Amino acid sequence: MVLPFLSVYLTRSLGYSVEQTGIILSSYGLGSLAGGYLGGRLTDRFGHFIVQFLSLVFSALIFVSLSFVSGYFQLMVGFFIVSMVAEGLRPANAASISFYSKPENIARSFSLNRMAINLGFSIGPLAGGLLASISYKILFLADGITCFLAGIVFYIYFKNRKGFKAVQQKSENKVLKVKSAYKDKRFLFFIFLTSVFATLFFQLFMTLPIYYREVYDLKEKMIGGLLAVNGITVFSLEMIMVYILSKKYRLHTLIVIGLILMGVSFTMLNLGHSFSLLVFSMLILSISEIFAMPFMATFVVDRSNERNRGSYMGLYTISFSIALIIAPYLGSKVIANLGFDILWWGTGIISLLAAAGFYFVTHPDIGKRKPE
């Protein structure tokens, strides 16, 4: 509930400049990067149950505490800490999905988990917008309470629940060739492009709410409603669209279409001034997410095998954390020095360039050696 409104909260309620807001939000990205790393290490050492429980409970306490913080450096430290603690849940949650699911249901379990996240992003901005229109202190308090309640429900339900043992697959080859993700040059270029994609997409959370507030003078309730369009659209359409699209089109084609649609969604903001345009832009951005993100993850899985998938998925996750650091800083710099129009035109142009890069790096026939 809090994240979509942080940029508006910092600029309107606390009076920070757009550039200062970008730096504060970048500290949130740094916390995300640290949390992903520490969450994975702590999960390996103490288990996914305790990491998830403590992440939820301590996130609740920190969210409530942040409502009383207004100093520039204190906010940077506070958002770094809350992001580190909250994002530490992600690797533990991924591990628990594998643990609690039957081996034959793991793929569907991860899909269901993504649906739950999108459902949450349908409800969160709506509820957050209503609460923020009353008081931002109430918004932080509500987010803290929901985290705490989630922790209690999680503890009660999963405390003594047993998991399922993974089925060990036997390979005909005694020695399986394992390629390091860090030496896979093609994959490293894919990770770079993924960071570019995520930096552009994360303008949805970082600078778009400021645009809605500054240019359209929308209140928090309307901003929350617009952001909820994204979650509702993805929640409603992703499963069926992915099922249909994956049967008709190749992976690289879908990713490229997703990048092009994302560029269109941002650049069309410069083509008029109406609320209906904002809604249509958000719908296109949501469709672009459905085209791009599931198939980018598929590329990572296809590129790896059971013995190096952890490092491949780890780099893929890190690419989004890096983007979460860059996106608010870069977006706020462009707004402060060049304005929103340049930000949206630039986003569109870079989306097209990234689409070309994804085409070459994900096309299965490019770079393949011809048989002698």
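Computed from a predicted model, the values in this text were never measured in an experiment.

## A word on the overall build of the protein
When helices and strands are counted, the protein shows 15 helices and 0 strands. Taken over the C-alpha trace, the protein has a radius of gyration of 21 Å; the compact-globule value for 372 residues is 21 Å, and the two agree within 12%. Overall, the C-alpha framework of the protein stretches about 65 × 50 × 35 Å when taken along its three principal axes. Counting the 372 residues in the protein, one finds 47% classified as buried. A separation of at least 24 residues holds for 84% of the contacts in the protein among residues at least 6 apart in sequence.

## Examining the packing of helix α3 (residues 48-66) against helix α4 (residues 72-87)
Running from amino to carboxyl end, α3 crosses α4 at an angle of 160°, the nearest separation of the two axes being 9 Å. Taken together, α3 and α4 sit at an angle that is classed as roughly antiparallel. The crossing of α3 and α4 is left-handed. Listed contacts from α4 to Ser 55, Phe 58, Ser 59, Ile 62, Phe 63 and Leu 66 of α3 are Gly 78, Phe 79, Ile 81, Val 82, Val 85 and Ala 86. Class assignment of the residues belonging to the contact of α3 with α4 gives a composition of 9 nonpolar, 3 polar and no charged.

## Quick look at the side chain of Thr 11
Position of Thr 11 among the secondary structure elements: in helix α1 (residues 6-13). Looking at Thr 11, its side chain comes within polar contact range of the main-chain oxygen of Ser 7, at 2.8 Å. Excluding its chain neighbours within four sequence positions, the residues that come into contact with Thr 11 are Tyr 16, Ser 17, Val 18, Thr 21 and Ile 210.

## A look at the nonpolar core
Grouped together as the largest cluster of nonpolar side chains are 86 residues, with contacts concentrated most on Phe 190 and Phe 197. For this core, the element with the highest residue contribution is helix α13 (residues 275-303), accounting for 11 residues. Excluding residues that lie within four positions of it along the chain, Phe 190 makes contacts with Met 296, Phe 299, Val 300, Tyr 316, Phe 358, Val 361 and Thr 362. Ranked by size, the runner-up nonpolar core spans 6 residues in total, among them Phe 53, Leu 56, Val 57 and Tyr 100.

## Here's the deal with the environment of Gly 22
Tracing the backbone shows Gly 22 in helix α2 (residues 18-46). The spatial distance from the C-alpha of Gly 22 to the C-alpha of Leu 338 is 15 Å, given a sequence separation of 316 residues.

## Overview of the pattern of salt bridges
Scanning the model with the defined rule gives 5 salt bridges in all. Arg 303 is the partner of Asp 184 in a salt bridge, and the nearest nitrogen-oxygen pair spans 3.0 Å. Of this pair, Asp 184 sits in the loop between α7 (136-158) and α8 (185-201) while Arg 303 sits in helix α13; the two residues are 119 residues apart in sequence, bridging distant segments of the chain. Classification of Asp 184 as buried rests on a relative accessible area of 2%. The salt bridge partner of Arg 213 is Asp 217, with a shortest N-O separation of 3.1 Å.

## Topic: α4
Spanning 16 residues, α4 covers 22 Å between terminal C-alpha atoms, matching the ideal 22 Å at 1.5 Å per step. What α4 keeps buried is the set Tyr 72, Leu 75, Gly 78, Phe 79, Val 82, Ser 83 and Glu 87. Down the axis, α4 shows its buried residues gathered within 140° of arc, on one side only. Projecting away from the buried face of α4 at angles above 90 degrees are the exposed residues Phe 73 and Gln 74.

## What to know about helix α10 (residues 208-215)
Of all 8 residues in α10, 6 are buried, a share of seventy percent or more. Taken together, the buried positions of α10 are Leu 208, Pro 209, Ile 210, Tyr 211, Tyr 212 and Arg 213. Those residues of α10 that are buried are in contact with α1, α9 (203-206), α11 (220-248), α13 and α15 (340-362). In the segment just after α10, Asp 217 is the residue with positive phi, at about 55°.

## Here we look at a nonpolar patch on the surface
Residues Tyr 37, Leu 38, Leu 42, Phe 46, Ile 50, Leu 54, Phe 58 and Leu 61 make up a contiguous nonpolar surface patch of about 750 Å² in total accessible area. Mapped onto the nonpolar patch, the elements with two or more residues apiece are α2 and α3. With respect to the helices and strands, Phe 46 occurs in helix α2. By relative accessible area, which is 52% here, Phe 46 ends up exposed.

Here is what the cut-offs are and how they apply
- Residues numbered from 1 in each chain as written.
- Predicted model: local features only at pLDDT ≥ 70, side-chain atom pairs only at ≥ 80, totals over all residues.
- Heavy atoms only, no water.
- Helix = DSSP H or I, 4+ residues; strand = E, 2+ residues; numbered from the N terminus.
- Rg over C-alpha atoms; globule rule 2.2 N^0.38 Å.
- Buried < 20%, exposed > 50% of the residue type's maximum accessible area, 1.4 Å probe, protein only.
- Contact = heavy atoms within 4.5 Å.
- Axes fitted to C-alpha atoms, helices over the stretch in contact; angles between N-to-C directions.
- Parallel < 35°, antiparallel > 145°, perpendicular 65-115°, else oblique.
- Left-handed = near helix turned anticlockwise from the far one by under 90°.
- Nonpolar A, V, L, I, M, F, W, Y, C, P; charged D, E, K, R; others polar.
- Polar contact = N/O pair within 3.5 Å; in protein donor to acceptor, adjacent residues only side chain to side chain.
- Core = buried A, V, L, I, M, F, W, Y, C linked by side-chain atoms within 4.5 Å.
- Salt bridge = Lys/Arg side-chain N within 4 Å of Asp/Glu carboxyl O.
- Expected span 1.5 Å × (residues − 1).
- Arc of directions from axis to C-beta.
- Patch = residues over 30% accessible without salt bridge, like charges linked within 9 Å, V, L, I, M, F, W, Y side chains within 5 Å.
- Areas by Shrake-Rupley, 256 points an atom, 1.4 Å probe, with all protein chains shown as cover.

The values reported here are purely geometric and, on their own, carry no functional implication.
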